[in-house]
Structure formats: C-alpha cells, structure tokens
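The chain contents come next:
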Amino acid sequence: LLMAFPMVLAGTALTACVAFYIFPYGWSFNLAMTFGSILAATDPVAVSALLNEVGAPPRLKMLISGESLLNDGSAIVFFTIFSGLFLTELGVDDVGEDIDLSTGIALFCRMSFGGALIGIAFGIGLVFILYCLNRRLSGEENVLQ
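Residues numbered from 1 in each chain as written. Predicted model: local features only at pLDDT ≥ 70, side-chain atom pairs only at ≥ 80, totals over all residues. Heavy atoms only, no water.

## What to know about helix 1 (residues 4-21)
Taking 1.5 Å of rise per residue, 18 residues should cover 26 Å, and helix 1 covers 26 Å from first to last C-alpha, within 8% of that figure. For helix 1, the set of buried residues is Ala4, Val8, Thr12, Ala16 and Ala19. Down the axis of helix 1, the sector holding all buried residues measures 95 degrees, keeping them to one side. Turned more than 90 degrees away from the buried face of helix 1 sit Leu14 and Tyr21, all of them exposed. (Helix = DSSP H or I, 4+ residues; strand = E, 2+ residues; numbered from the N terminus. Expected span 1.5 Å × (residues − 1). Buried < 20%, exposed > 50% of the residue type's maximum accessible area, 1.4 Å probe, protein only. Arc of directions from axis to C-beta.)

## Side note on the environment of Ala41
Inspection of the secondary structure assignment puts Ala41 in the loop between helix 2 (29-40) and helix 3 (44-54). Under the relative-accessibility criterion, Ala41 is labelled partly exposed at 27%. As a C-alpha pair, Ala41 and Leu69 span 28 residues in sequence and 9.3 Å in three-dimensional space.

## Some points on a nonpolar patch on the surface
Taken together, the side chains of Val18, Phe20, Tyr21, Ile22, Phe23, Tyr25 and Phe29 present a nonpolar region at the surface, about 730 Å² in accessible area. With three residues, helix 1 is the single largest residue contributor to the nonpolar patch. Here Phe23 lies in the loop between helix 1 and helix 2. (Patch = residues over 30% accessible without salt bridge, like charges linked within 9 Å, V, L, I, M, F, W, Y side chains within 5 Å. Areas by Shrake-Rupley, 256 points an atom, 1.4 Å probe, with all protein chains shown as cover. Salt bridge = Lys/Arg side-chain N within 4 Å of Asp/Glu carboxyl O.)

## A word on the side chain of Thr34
The residue Thr34 is located in helix 2 in this model. Residue classification places Thr34 among the buried positions, given a relative accessible area of 8%. A polar contact of 3.1 Å, which involves the side chain of Thr34, links it to the backbone oxygen of Phe82. For Thr34, the contacting residues outside a window of four places in its chain are Phe79, Phe82, Ser83 and Phe86. (Polar contact = N/O pair within 3.5 Å; in protein donor to acceptor, adjacent residues only side chain to side chain. Contact = heavy atoms within 4.5 Å.)

## Quick word on the packing of aromatic side chains
Applying the stated criterion across every chain yields a total of nine aromatic pairs. Plain terms: the ring middles of Trp27 and Phe35 are 5.2 Å apart, the flat faces sit at 65 degrees to each other, and that makes the pair edge-to-face. On the numbers, 6.5 Å between centres and 35 degrees between planes, the contact of Phe78 with Phe82 is tilted. Placement of both Phe78 and Phe82 in helix 4 (residues 58-90) is noted, with a separation of four residues, approximately one turn of the helix. The class of Phe78 is buried, set by a relative accessible area of 7%. On the accessibility criterion, Phe82 (14% relative accessible area) is buried. Each member of the aromatic cluster is reached from another via a ring pair, and the members are Phe23, Tyr25, Trp27 and Phe35. (Phe/Tyr/Trp six-rings, centres within 6.5 Å; stacked < 30°, edge-to-face > 60°.)

Set out below in structure tokens:
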C-alpha cells in the first residue's frame, strides 16, 4: 500500500513520456501528463478473478482492493492537477489554473487527506446509525408473520 502513490506517479510519467516523445500528435507535456494520469490507474478486476481461480486468501483480495482504491484516488488527483495545467496552457479565460510544484503538492495533500477525513467521518456516522438501529431492531422484537 505504501507504493500505490509512487507507482501511479511513475506510471503517469512513463505513459506521458511515451505519448510526448513517440506519438505523432505534437501534444504538449501537460496534455501528455493528463493522458498518462488517465491510463495510470490499474484495474483490479482481472487480478481478483485470477486470485479467485488460484484460491488466494481473502486477506490478499482485500489488500489488492484497498491498493486499487489508493491508485484510483492518486490518478484522480493527478488528472485534476495536470488537466488544470493543460487548460491554462490553452489560454481559455476562467478555465484551469497555473499550478507550481508547491501548489501541486498542497493540492495533492488537501485532496488526499481531506478525502480520507471525510470518509472516516462518514464511516463513524454510519457505524453510529447502525448501532442505534441494531438496538432498536433487536431480534426478539422483530417477528415476521
């Protein structure tokens, strides 16, 4: 799980280098990085199907699912940053923003940690609601007729 972010960044950069230097489209590097961020997120469906076939433990399946969520989140943050840079490069008024390295790191941290905190808050709220419903709807009081 610690390598989810760096590997998505590396996949984004390598895909962008291929798109920038090899593709014959004449893209700018910001557009190539936007393209790379779209393709960098991995799809765990094939891996999960393979793990089911070989009989891997459920813990490994959960670990791969969690890693996939981190990959997707990192790819979304990279897409937001690089698409903003590309749209600024186009020169359209009120579209995109010019992001330097420190602003990009701050934006990444805000989106990553902010999303995690919102997820934790909603999770705690849901657990509280389920606890209250479980007490109200105990098994002895519910009779199906």
